Amino acid sequence: MAGNTFGQAFTVTTFGESHGVAMGAIVDGCPPNMELSESDLMTDLNRRKPGRSQFTTQRMEDDQVEILSGVFEGKTTGTPIGLVIRNKDQSSQVYTQIKDIYRPSHADFTYDKKYGIRDYRGGGRASARETTMRVAAGGIAKKYLFEEFGTRIRGFLAQVGDIHLEMTSLDHASESVFFSPDPNREAEIAEFIGELRDAGDSIGAKIGVVASHVPVGLGEPVFSKLDADLASALMGINAVKGVEVGDGFGVVTQRGSEHRDEMSSEGFQSNRSGGTLGGITTGQDVNVFIALKPTSSIATRGKSVDRANKDVEVVTKGRHDPCVGLRAVPIAEAMVALVLMDHVMRDRAQNQRIAID
């Protein structure tokens, strides 16, 4: 299976399945002599892991990462960094009942048609469990970007269902079980998610990510635009169906006189373009949003077919999130970090230095 490696100069190759022995990754291209330990990566892994609250899947995994290579005496060596997280709480037996049935809006049908074989346990390679390794690798990128440039990458829940959240505090978002930047809506979100769980249904969500103190000059003007690579990386997250950069689809109703980011001797007067111009970073905050579809694994009975193309009804049992967006924030942050890190390494190879505004 191709398509398991991300990046050009800073690369991440992941392996493993949802109910396999372990999830793993090889991170290559990290500069040497950066202090790195497993604890550096656990902050975001703990924010992403299942069972974090009563509002997410109750699969209990400690998601303890092990660094197998690429670090010596507490510092990166410049060689490939091997990472692994052991799976400990698989509940594969519930999936045997649907091993020959295609769950609606899952990858079951397409995987089977493409490869002629699939791991039906929890979705196998298509499971969001794979994103543990993206988050771990993203932790390496985050650490380097912060220490080298002061770059901070923070995500938040912008909308769940019809609940639109105000950007009151990113600090609160980092502490909230919902990643909510609006402390006044926590009880409302909790009640809504509880109702969905009781009904055996799910809901979609909108997630935002802000990267601040981003170096000027990352990205290329044609095939490797920074915003295009961000869009590709974020669309590669499970369940993501839409990506916006800056004002996104809001530009449809804006006039040119309203949308353009005017400049003065003191800098940019607005940031409707989301921190890039011509595919190259401006030094402003990089702002992106993603839309995630409702969880397809729900207890509500639905229509489908089996491998023999016979009509069936399916109910997906197991432990699932009523809203995948409630755990997607660290994943989105990680993908933004990986894109920025890859472009930093690519720019350093071409220009030998990064312009810092």
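Placed above this text is the structure.
Residues numbered from 1 in each chain as written. Predicted model: local features only at pLDDT ≥ 70, side-chain atom pairs only at ≥ 80, totals over all residues. Heavy atoms only, no water.

## So, the overall build of the protein chain
For the record, the criterion: We count a stretch as a helix when DSSP gives it H or I for four or more residues in a row; a strand needs E for two or more, and each element gets its number in order from the N terminus. Our radius of gyration looks at C-alpha atoms and nothing else; its globule reference is 2.2 Å times the residue count to the power 0.38. Three exposure classes are used, based on accessible area relative to the maximum for each residue type with a 1.4 Å probe and protein chains only: buried under 20%, partly exposed in between, and exposed over 50%. The method behind every accessible area is Shrake-Rupley, applied with a 1.4 Å probe, and residues are considered shielded solely by the protein chains displayed.
Scanning the protein chain from N- to C-terminus turns up 8 helices and 18 strands. A globule of 357 residues ought to have a C-alpha radius of gyration of about 21 Å, and the protein chain, at 21 Å, matches this closely. When each of the 357 residues of the protein chain is scored for burial, the buried share is 49%. A total accessible area of about 16800 Å² is found for the protein chain, and carbon and sulfur atoms account for 49% of it.

## Details of the nonpolar core
Condition: Take the buried residues of types Ala, Val, Leu, Ile, Met, Phe, Trp, Tyr and Cys, join any two whose side-chain atoms come within 4.5 Å, and each joined set is a nonpolar core. Contacts: residue pairs with any heavy atoms within 4.5 Å of one another.
Counting residues in hydrophobic clusters, the biggest one holds 69 residues, and the most contacted among them are F10, L83 and I140. Of the residues forming this core, the biggest block, 15 residues, is contributed by helix α8 (residues 325-351). Discounting chain neighbours no more than four positions away, the residues touching F10 are V27, D28, G29, C30, I140, A141, L338, M341, D342 and M345.

## Topic: the pattern of salt bridges
Keep this limit in mind: A pairing counts as a salt bridge when a side-chain nitrogen of Lys or Arg comes within 4 Å of a carboxyl oxygen of Asp or Glu.
The final tally for this structure, using the stated rule, is 22 salt bridges. Its salt-bridge partner being D63, residue R48 comes within 3.6 Å of it at the nearest N-O pair. Of the two residues, R48 sits in helix α1 (residues 38-48) while D63 sits in the loop between α1 and β4 (65-67), which places them 15 residues apart along the sequence. Residue R48 is classed as buried on the basis of its relative accessible area of 3%. Between R154 and D171 there is a salt bridge whose closest N-O contact spans 3.1 Å. With R154 in strand β8 (residues 152-160) and D171 in helix α4 (residues 170-175), this residue pair connects regions lying 17 residues apart in the sequence. Judged by its relative accessible area of 47%, D171 falls in the partly exposed class. Overlapping salt bridges bring together D44, R47, K142 and E333 as one network.

## Details of the packing of α1 against α8
Put simply, the test is: Axis lines are fitted to C-alpha atoms, over the contacting stretch for helices. Their N-to-C directions set the angle, which ranges from 0 to 180 degrees. Three categories are distinguished: nonpolar for Ala, Val, Leu, Ile, Met, Phe, Trp, Tyr, Cys and Pro, charged for Asp, Glu, Lys and Arg, and polar for the others, with Gly belonging to the last.
Remark: α1 packs on α8, axes separated minimally by 7 Å, with the N-to-C direction vectors making an angle of 145 degrees. Side by side, α1 and α8 meet where D44, R47 and R48 of the first sit next to R327, V329, P330, I331 and E333 of the second. Residue classes in the contact of α1 with α8 are distributed as 3 nonpolar, no polar and 5 charged.

## A short note on the packing of α1 against helix α3 (residues 131-149)
For clarity, the threshold we go by: The cut-offs work like this: below 35 degrees is roughly parallel, past 145 is roughly antiparallel, 65 to 115 is roughly perpendicular, and the gaps in between are oblique. By definition, any crossing whose near helix is turned counterclockwise from its far helix by less than a right angle is left-handed, and any crossing with a clockwise turn is right-handed.
Contact geometry for α1 and α3: axes closest at 8 Å, N-to-C directions at 140 degrees. When the axes of α1 and α3 are compared, the pair comes out oblique. In this structure, α1 meets α3 at a crossing whose hand is right-handed. Seen from α1, the contacting residues are D40, L41, D44, L45, R47 and R48; seen from α3, they are T131, T132, V135, A136, G139, I140, K142 and K143. Residues of the contact of α1 with α3, tallied by class, amount to 5 nonpolar, 3 polar and 6 charged.

## Considering helix α5 (residues 186-199)
Here is the rule we go by: In this analysis, the expected span of each helix is defined as 1.5 Å times one less than the number of residues it contains. Here, the arc refers to the directions that run from the helix axis to the C-beta atoms.
Across its 14 residues, α5 extends 20 Å between first and last C-alpha, which sits within 8% of the 20 Å expected from 1.5 Å per residue. Of all the residues in α5, the buried ones are E186, I189, I193 and L196. Around the axis of α5, the buried residues are gathered within 95 degrees of arc, so they sit on the same side. Residues A187, E191, D198 and A199 are exposed on α5 and point more than 90 degrees away from its buried face. Of the surrounding elements, those touching the buried residues of α5 are β8, β9 (163-164), α4 and α8. Of the residues one or two after α5, G200 is the one with positive phi, at around 70 degrees.

## A few points about the packing of aromatic side chains
Our working definition: Only Phe, Tyr and Trp rings are paired, with Trp represented by its six-membered ring, and only when their centres lie within 6.5 Å; those with planes under 30 degrees apart are stacked, over 60 edge-to-face, the remainder tilted. The criterion is that NZ of a Lys, or CZ of an Arg, lies within 6 Å of the ring centre and within 35 degrees of the ring normal, and then a charge sits over that ring.
Enumeration over the complete set of coordinates arrives at 3 aromatic pairs. Note on Y111 and Y115: the rings are 5.8 Å apart at their centroids and 70 degrees apart in plane angle, and the pair reads as edge-to-face. With Y111 and Y115 both in helix α2 (residues 108-115) and 4 residues apart, the pair spans about one turn of that helix. Classification of Y111 as partly exposed rests on a relative accessible area of 22%. The lysine or arginine in question, K206, covers the ring of F289, its NZ or CZ lying 4.8 Å from the ring centre.

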